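If you want the building blocks of each chain, they are given just below.
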Amino acid sequence: MPTMTPAMPKLDHILKPAPDSPAGRRVLVVGLGRFCGGVGVTRWLASEGAIVTVTDQATHGALAESVAAIGDLPVALHLGGHDESDLDTADLVVINPAVNKATSPFFQTLNRRGIPWTTEMNLFCERCPAKVLGVTGSYGKSTTCAMLAEALEACRRAGGVSFAGVCLGGNIGRSLLNELPNIHESDWVILEMSNAQLEDLPKIHWAPDFAVITNLFPHHLDRYVSFAEYAEAKLNITRHPKGMSKIVVGELHPEAEDLLSEGVAEQRDRVTRIHSPDPIINLRVPGDHNQKNAACVLTVCRLLGLDDHIVRGALREFRGLPHRLEFVQTLDGVDYYNDSKSTAPAATVIALEALRRPTVAIVGGQRKDVSLEECAIRLARYCRVVICMGESGPGFADAVHECGAGFQSAKSHVVAALPEAVRIARTEAKPGEVILFSPGAPSFDQYPNFTARGRHFTELVQSL
């Protein structure tokens, strides 16, 4: 198939003064994070010559992995709580996206005192010389970003494109601040952007050259007073100061649809809807949701004028991301899948709908005040056995029992921890079935993050 002519115009960056250097400034990083979320910015600040202090409410023990990642740096660590005296000497404060600014007393204090503050995302975007393809959405962001990176890289290797390199980072778990020396004007940066990272983008009057919203539905509402507030944060990705960015959009909640329409009222030609691929791509990764992710990638790449045949080939070879419906192995005719990234019941629903095979499911983790009804209905429908673990295990078991009316009754077990869950799952599973580890709950009752939880599951399975 011939290469399509690019449909998007050349997007000139706003001319503005170069951002201030942090060299010699006393910078306070608020939030190191159990998932190393503050590690990248801490390392960059130190490399730039800043005098860095890191504060976090969690203890040294809870943050052991993150502390080790900056153990070689000359930074001060004030862990186990925030001390307002740290603000007395701060020239600049960097706020981790996990900090809820609306409810954090520490943030309210620094804001009231007029101390300058920023975020890692804003620091990067102010300094990035390349064109940025920003991706957000309620679900599918990371997988879509990884698919895009592989598709663009395949096209780059094949030649005949206008960009020299492809760089992937952001919320997917890779800080790009320390990659700035290797990023050039001729590159594309694919940047996953969470709602929390997008909240403060208007502070720097910036938005990506190309905005992608995979979908937008109620999510993370414990951080916002309403869905509209959450949606407005997400839609910051579309608010290019010159109104020049292309916007690719998937399925939206009606309220989000209205907000987007208001925002682009006189520039509707900026918006392209995601179109399903014809013919459908035979993907290695299962599920309708991944077909939608692939459709998003194809739509973006067509607007960029990339070769459709090469893009489709890259998508067919895409093997998925760790801990997201990741195939681990087949043992005694049973397929094992690691979906530890499932930290909410809705994610477990997606996993079950993707596989649609006789399943032995392992669910449960940190207890949260969320409804389990829809998830329990799917567990009862698709699973012969449900093994419920952790703090929320008993709640999952009760919900499956209550919601199982009308379905063949799923057998349930309640266990304390993952090793016992894997042992029982192997005993219960039959050849041709799936053992699906999709917790539908956060990991923090027993693990520092979903990655550690997923690694443990994989290790347990590989040791069987």
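Parameters at a glance
- Residues numbered from 1 in each chain as written.
- Predicted model: local features only at pLDDT ≥ 70, side-chain atom pairs only at ≥ 80, totals over all residues.
- Heavy atoms only, no water.
- Pairing = 2+ DSSP bridges.
- Helix = DSSP H or I, 4+ residues; strand = E, 2+ residues; numbered from the N terminus.
- Phe/Tyr/Trp six-rings, centres within 6.5 Å; stacked < 30°, edge-to-face > 60°.
- Buried < 20%, exposed > 50% of the residue type's maximum accessible area, 1.4 Å probe, protein only.
- Lys NZ or Arg CZ within 6 Å of the ring centre and 35° of its normal.
- Axes fitted to C-alpha atoms, helices over the stretch in contact; angles between N-to-C directions.
- Contact = heavy atoms within 4.5 Å.
- Core = buried A, V, L, I, M, F, W, Y, C linked by side-chain atoms within 4.5 Å.
- Right-handed = clockwise from strand over helix to strand, strands pointing away.
- Parallel < 35°, antiparallel > 145°, perpendicular 65-115°, else oblique.
- Left-handed = near helix turned anticlockwise from the far one by under 90°.
- Nonpolar A, V, L, I, M, F, W, Y, C, P; charged D, E, K, R; others polar.

Novice: Looking at this structure, how should I read the sheet that holds strand β1 (residues 26-30)?
Specialist: Ordered by their spatial adjacency, 5 strands build an open sheet running β3-β2-β1-β4-β5, and the pairing between neighbours is parallel. Across the chains shown, the open sheet's two edge strands, defined by having one partner strand only, are β3 (76-79) and β5 (117-118). Here strand β2 (residues 51-56) pairs with β3 via 4 bridges, running parallel. In the strand pairing of β3, threonine 55 is matched with histidine 78.

Novice: Sorry, what's going on with the packing of aromatic side chains here?
Specialist: As enumerated under the stated definition, the model contains 5 aromatic pairs in all. Here phenylalanine 327 and tyrosine 337 contribute two aromatic rings whose centre-to-centre distance is 5.6 Å and whose plane-to-plane angle is 65°, an arrangement assigned as edge-to-face. Here phenylalanine 327, found in strand β12 (residues 326-331), pairs with tyrosine 337, found in strand β13 (residues 334-338); they are 10 residues apart in sequence, far enough to count as distant. Look at phenylalanine 327 and you get partly exposed, because its relative accessible area is 42%. When its relative accessible area of 11% is taken as the criterion, tyrosine 337 is described as buried. Ring pairing ties together the aromatic residues Tyr224, Phe227 and Tyr230, which thus form one cluster. A cation sits over an aromatic face here: lysine 131 above tryptophan 188, 5.2 Å from the ring centre.

Novice: Sorry if this is basic, but what is going on with the sheet that holds strand β7 (residues 166-170) here?
Specialist: Adjacent strands of a sheet pair through backbone hydrogen bonds, lying either parallel or antiparallel. Reading across the sheet, the 6 strands line up as β7-β8-β6-β9-β10-β11 and stay open at both edges, with parallel pairing between neighbours. Edge positions in the sheet fall to β7 and β11 (271-273), since each of these pairs with one other strand and no more. Averaged over all pairs of adjacent strands, the angle between their axes in this sheet comes to 20°, without regard to strand direction. Bridge count for strand β6 (residues 131-136) against strand β9 (residues 210-216) is 4 bridges, and the pairing is parallel. In the strand pairing of β9, glycine 134 is matched with alanine 211.

Novice: I'm lost on helix α12 (residues 373-382) in this one. Help?
Specialist: Each full turn of the α-helix corresponds to 3.6 residues, which orients residues three or four apart in the same direction. A large share of α12 lies buried, amounting to 7 of its 10 residues. For α12, the set of buried residues is Cys375, Ala376, Ile377, Arg378, Leu379, Ala380 and Tyr382. Where α12 is buried, its residues touch α11 (345-355), β14 (359-363), β15 (383-389) and α13 (393-403).

Novice: Help me understand the nonpolar core, please; the structure alone is not making it clear to me.
Specialist: Here is a general trend for soluble globular proteins: nonpolar side chains tend to be buried in one another's company. Residues Leu45, Phe124, Cys125, Val189, Leu191 and Met193 are the most contacted members of the largest nonpolar core, which totals 55 residues. It is helix α7 (residues 227-235) that contributes the most residues to this core, 5 residues altogether. Counting residues in each nonpolar core, the second largest holds 34 residues, with Met147, Ala154, Ala294 and Cys301 among its members.

Novice: Please clarify how the pairing of β9 should be interpreted in this entry.
Specialist: Within a regular strand, side chains alternate between the sheet's two faces. β9 sits mainly inside the fold: 7 of its 7 residues count as buried. Sheet analysis places β9 next to strand β10 (residues 246-252), joined by 6 bridges and oriented parallel. Paired with alanine 211 across the bridge in β10 is isoleucine 247. In this region the chain leaves β9, passes through α7 and returns to the parallel neighbour β10; the handedness of that crossover is right-handed.

Novice: Whenever I open this one, unusual backbone geometry confuses me. Can you help?
Specialist: Trans is the prevailing form of peptide bonds, just as negative phi is the prevailing case for residues other than glycine. Of note in the backbone geometry, histidine 323 takes a positive phi value of approximately 70° without being a glycine. You can see histidine 323 is positioned in the loop between α10 (308-317) and β12. The exposure class of histidine 323 is buried, given its relative accessible area of 9%.

Novice: I would appreciate a short explanation of the side chain of threonine 119 in the present structure.
Specialist: Inspection of the secondary structure puts threonine 119 in the loop between β5 and α4 (120-127). Given a relative accessible area of 8%, threonine 119 falls into the buried group.

Novice: Help me understand the packing of α12 against α13 in this model?
Specialist: When two helices pack together, you describe them by how their axes are tilted relative to each other and by the distance separating the axes. Where α12 meets α13, the closest approach of the two axes is 8 Å, and the angle between their N-to-C directions is 70°. Between α12 and α13, the interaxial angle falls into the category roughly perpendicular. Note on packing geometry: the crossing formed by α12 with α13 is right-handed. Note on element contacts: α13 touches α12 through Phe396, Ala399, Val400 and Cys403, opposite Glu373, Cys375, Ala376, Ile377, Leu379 and Ala380. Counted by class, the contact of α12 with α13 contains 9 nonpolar, no polar and 1 charged residues.

Coordinates in, geometry out; function isn't part of it.
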